[in-house]
Amino acid sequence: MKNIIYFFVLILMIQVNTNTMSAQTDATPTPVDATGELFSQAQRDNTIIGAMFGAGEFITIDSFTGEKAMLIAGKNTNIDSENGSAILHTQNADGDWVFALDLHVQSTNAEISFFYEDDYVYIGFITQFDGRQVFRAMMDGTMSFTQIYVDDVNYELATVTNIDSDGDGDEDFLFAGANRSTNVNSTNGVLRNDGNGIFTLTTAPPEIPPMNWGTYKSAYLDDSGLQHLIVVDDTFAAIFENDGNGNFTNVFTLNNVPTSPRITVGDMNNNLSNDIIIPSSIGTTVYRNIGNLDFLVYESAYTQLPDVRGGEISLIQIDDDGLADVVVTGLLVDGTVITKLIMQSDNLKFMGNQYYFLVQDEFPQNPDIILPLAAATVTIYDANNDGQDDVLFTGNLGGGPGPASAPRTYLMINTSTLSVDDSIIETFGMYPNPVVNTLHINNINTIDIRNIIIVNITGQTMFRTNSFTSNIDVSTYGSGVYIMTIESVDGRIFQEKLVKN
């Protein structure tokens with residue numbers, strides 16, 4: 001849930017130099033007096049399975065209630081001979097995330113992609129020890145996942161994303177990597193979706209190069225309603241336009257970066273257009289979306305974002321300046337592991353306050369540790385439905401042999417005290433999301449409405465009314481991401497991202 005009213009206060013954090021921290025160094029932090037609350041550690045890997053070399057995701061399992069499950073996938077021990085797992089967690093009556101379902105995937109070095117279609121959720125895996133697999137479940141909250149595709153081709157140096165690769169209106173899984181069994185590098189393909197839950201292995205569109213130590217990522221980058229494709233590895237990097245008929249065209253060249261980058265796509269400056277962040281140890285780069293699949297390039301010397309590898313840079317909303325902040329994890333050039341929050345101080349400049357996360361670890365020798373996660377992923381989501389962005393980390397502490405190197409999962413809850421207009425959030429709900437035909441809004445007549453507005457990602461207004469309505473017809477909208485804004489006459493504002501299938 002994206003909200004535009006935030007209040008920022010701090011506790012359980014360590015503050016470093018606010019404006020002079022170099023993008024290439026990471027000084028030892030000094031404790032300072034706390035003045036409030038920012039994040040508290042809700043759970044660690046004794047209640048949520050620990051994982052590294054994988055992913056953490058929040059996946060909708062009930063389209064009407066919006067209930068989500070937390071998917072943790074990756075290696076669960078620091079023993080070389082033991083593989084990983086893919087576990088779904090749900091929240092119990094106390095709000096704690098607890099084990100719910102084992103998908104029985106040995107997901108060491110697993111890459112994951114998922115999408116929603118016709119009231120189903122589909123999850124695709126490409127793994128080092130358990131082949132390619134696809135699961136699906138009806139989004140009715142029952143967690144009845146069925147394995148609908150599996151093969152025994154194990155991949156390393158892999159990547160997978162969901163995109164309609166053939167123009168039939170159904171999303172497929174596009175993958176690439178090295179075949180672990182034959183040691184053949186740079187192969188790719190498509191698990192093609194027939195729209196009825198049957199996936200078939202097919203060749204990839206010829207325009208899309210195979211990746212080795214690279215990444216595919218689909219994203220909404222214009223107002224076409226189509227997902228386009230970002231392709232990055234150490235020899236080739238570009239954005240490919242999807243014409244909706246199964247044809248892809250290289251339309252924008254990106255900087256080449258080494259290793260498998262975890263590409264971030266999101267609105268960095270509140271202009272309703274998705275930008276791109278590609279972290280790299282040789283130069284983290286921001287691509288500002290200026291429309292028509294064209295981008296302005298900002299290097300780390302300008303943005304002051306750290307140059308990191310092996311981690312992730314994720315967008316998070318903290319304060320009320322309309323600019324997205326970032327959580328960064330990864331390795332600096334000198335091998336230092338960092339995990340911290342950096343505030344955006346100006347348009348695409350990250351020279352504001354920087355904060356480290358403190359966690360309570362289960363080992364007596366580490367009662368309070370600054371969280372430096374290696375081989376890590378970062379997922380931002382409102383995990384406790386209070387209108388504020390929380391942070392899910394998976395990875396390991398990078399501390400060498402012994403307990404400190406074991407896989408970790410930490411859920412850090414944003415505990416700011418005056419961040420959103422809770423009254424308007426609690427008043428109504430909207431469903432389903434993703435939506436196909438009709439969007440329903442509960443109890444909207446209890447609010448004195450000034451405006452209800454839906455815009456696409458380029459800012460074009462698709463719907464506007466100044467009176468309450470409980471049903472909105474979105475059947476003619478193109479597939480893609482929209483923003484719905486509800487304004488009350490007393491100045492309260494609520495925004496939420498809407499996905500149209």
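Residues numbered from 1 in each chain as written. Predicted model: local features only at pLDDT ≥ 70, side-chain atom pairs only at ≥ 80, totals over all residues. Heavy atoms only, no water.

## Some details on empty space enclosed by the protein
Gaps left between atoms show up when a probe the size of a water molecule is rolled over them.
And then number 1: Counting across every chain of the model gives 2 cavities of 30 Å³ or more.
And then number 2: Space inside the largest cavity adds up to approximately 50 Å³.
And then number 3: Around the largest cavity, the lining comprises 12 residues; the ones closest to its centre are Pro261, Pro279, Val308, Arg309 and Gly310.
And then number 4: Tallied by class, residues from the lining of the largest cavity come to 4 nonpolar, 6 polar and 2 charged.
And then number 5: Looking at the second largest cavity, its volume works out to about 30 Å³.
And then number 6: Along its surface, the second largest cavity is lined by Gly124, Phe125, Ile126, Arg132, Gln133, Val160, Phe173, Phe175 and Leu191.
And then number 7: Of all elements in the fold, only β8 (120-126), β9 (132-138) and β12 (172-179) reach the threshold of two or more residues within the lining of the second largest cavity.
And then number 8: It is β8 that contributes the most residues to the lining of the second largest cavity, 3 residues altogether.
And then number 9: Its residues assigned to classes, the lining of the second largest cavity shows 6 nonpolar, 2 polar and 1 charged. (1 Å grid on protein atoms, 1.4 Å probe; cavity = no way out; pocket = protein on both sides within 12 Å on 5 of 7 lines; lining within 4 Å. Points joined across faces, edges and corners; volume = space filled by probe spheres on them. Nonpolar A, V, L, I, M, F, W, Y, C, P; charged D, E, K, R; others polar. Helix = DSSP H or I, 4+ residues; strand = E, 2+ residues; numbered from the N terminus.)

## Observations concerning the confidence of the model for the protein chain
And then number 1: Across the protein chain, the average pLDDT comes to 80, with 79% of residues at 70 or higher.
And then number 2: Low pLDDT, under 50, characterises residues 1-37; the stretch is placed with 111 contacts to residues that sit more than four places away or in other chains.
And then number 3: In the model, residues 417-427 has pLDDT below 50 throughout and makes 28 contacts with residues more than four positions away in sequence or in other chains. (pLDDT = per-residue confidence, 0-100. Contact = heavy atoms within 4.5 Å.)

## Structural notes on the packing of aromatic side chains
And then number 1: Under the criterion given, the structure shown has 16 aromatic pairs.
And then number 2: For the pair Phe115 and Tyr122, a centre-to-centre distance of 5.0 Å together with 15° between the ring planes defines the contact as stacked. Tyr122 shares its class with Phe115; the two are buried.
And then number 3: The interplanar angle of 90° and the centroid separation of 6.2 Å between the aromatic rings of Phe252 and Tyr287 together place this pair among those described as edge-to-face. On the criterion of sequence distance, the pair formed by Phe252 in strand β18 (residues 248-253) and Tyr287 in strand β21 (residues 285-291) is long-range, its members being 35 residues apart. Of the two residues, Phe252 and Tyr287, both sit in the buried class.
And then number 4: The ring of Tyr120 has Arg136 sitting right over it, with the charged end atom 3.8 Å from the ring centre. (Phe/Tyr/Trp six-rings, centres within 6.5 Å; stacked < 30°, edge-to-face > 60°. Buried < 20%, exposed > 50% of the residue type's maximum accessible area, 1.4 Å probe, protein only. Lys NZ or Arg CZ within 6 Å of the ring centre and 35° of its normal.)

## Some details on the pattern of salt bridges
And then number 1: On inspection of all chains with the given rule, the structure shows 3 salt bridges.
And then number 2: Ionic pairing is found between Arg132 and Asp151, a salt bridge with its closest N-O pair at 2.7 Å. Of this pair, Arg132 sits in strand β9 while Asp151 sits in the loop between β10 (146-150) and β11 (155-163); the two residues are 19 residues apart in sequence, bridging distant segments of the chain. Asp151 shares its class with Arg132; the two are buried.
And then number 3: Residue Asp166 pairs with Arg192 through a salt bridge whose shortest N-O separation is 2.5 Å. With Asp166 in the loop between β11 and β12 and Arg192 in strand β13 (residues 184-193), this pair connects stretches of sequence that are 26 residues apart.
And then number 4: The exposure class assigned to Asp166 is partly exposed, which follows from its relative accessible area of 23%.
And then number 5: Residue classification places Arg192 among the partly exposed residues on the basis of a relative accessible area of 40%. (Salt bridge = Lys/Arg side-chain N within 4 Å of Asp/Glu carboxyl O.)

## Focus: the environment of Val391
And then number 1: Relative to the helices and strands, Val391 resides in strand β29 (residues 390-396).
And then number 2: As for Val391 and Thr379, which are separated by 12 residues in sequence, their C-alpha atoms are 5.9 Å apart.

## Regarding the pairing of strand β5 (residues 84-91)
And then number 1: Of all 8 residues making up β5, 7 are buried, and the element is well covered by its neighbours.
And then number 2: Two elements, strand β4 (residues 68-75) and β5, share 6 bridges in a ladder whose sense is antiparallel. Directly across from Ala73, in β5, lies its bridge partner Ala86.
And then number 3: Both β5 and strand β6 (residues 97-102) contribute to a ladder of 5 bridges, which runs antiparallel. (Pairing = 2+ DSSP bridges.)

## Side note on the sheet that holds strand β17 (residues 237-242)
And then number 1: Spatially, the 4 strands line up as an open sheet ordered β15-β16-β17-β18, and their pairing is antiparallel. With one partner strand each, in any of the chains shown, β15 (215-220) and β18 form the two edges of the open sheet. The mean inter-strand angle of the sheet, taken between neighbouring strand axes irrespective of direction, is 30°.
And then number 2: The sheet contact formed by β17 and β18 spans 5 bridges and is antiparallel. The residue bridging Phe240 from the neighbouring strand is Asn250, located in β18. (Axes fitted to C-alpha atoms, helices over the stretch in contact; angles between N-to-C directions.)

## Overview of the nonpolar core
And then number 1: Ranked by size, the top nonpolar core spans 20 residues in total, and within it Leu71, Leu103, Val121, Ile123, Phe125 and Phe145 carry the most contacts.
And then number 2: Counting only elements with at least two residues in this core, the list comes to β3 (52-60), β4, β5, β7 (111-117), β8 and β9.
And then number 3: Within the second largest apolar cluster, 17 residues are counted, among which are Val327, Val359, Ala376 and Phe393. (Core = buried A, V, L, I, M, F, W, Y, C linked by side-chain atoms within 4.5 Å.)

## Points about the layout of surface pockets
And then number 1: Estimated volume of the second largest pocket: approximately 330 Å³.
And then number 2: If you go around the second largest pocket, you meet 20 residues; those closest to its centre are Asp164, Gly169, Asp170, Glu171 and Ser479.
And then number 3: Here the residues of the lining of the second largest pocket sort into 5 nonpolar, 8 polar and 7 charged.

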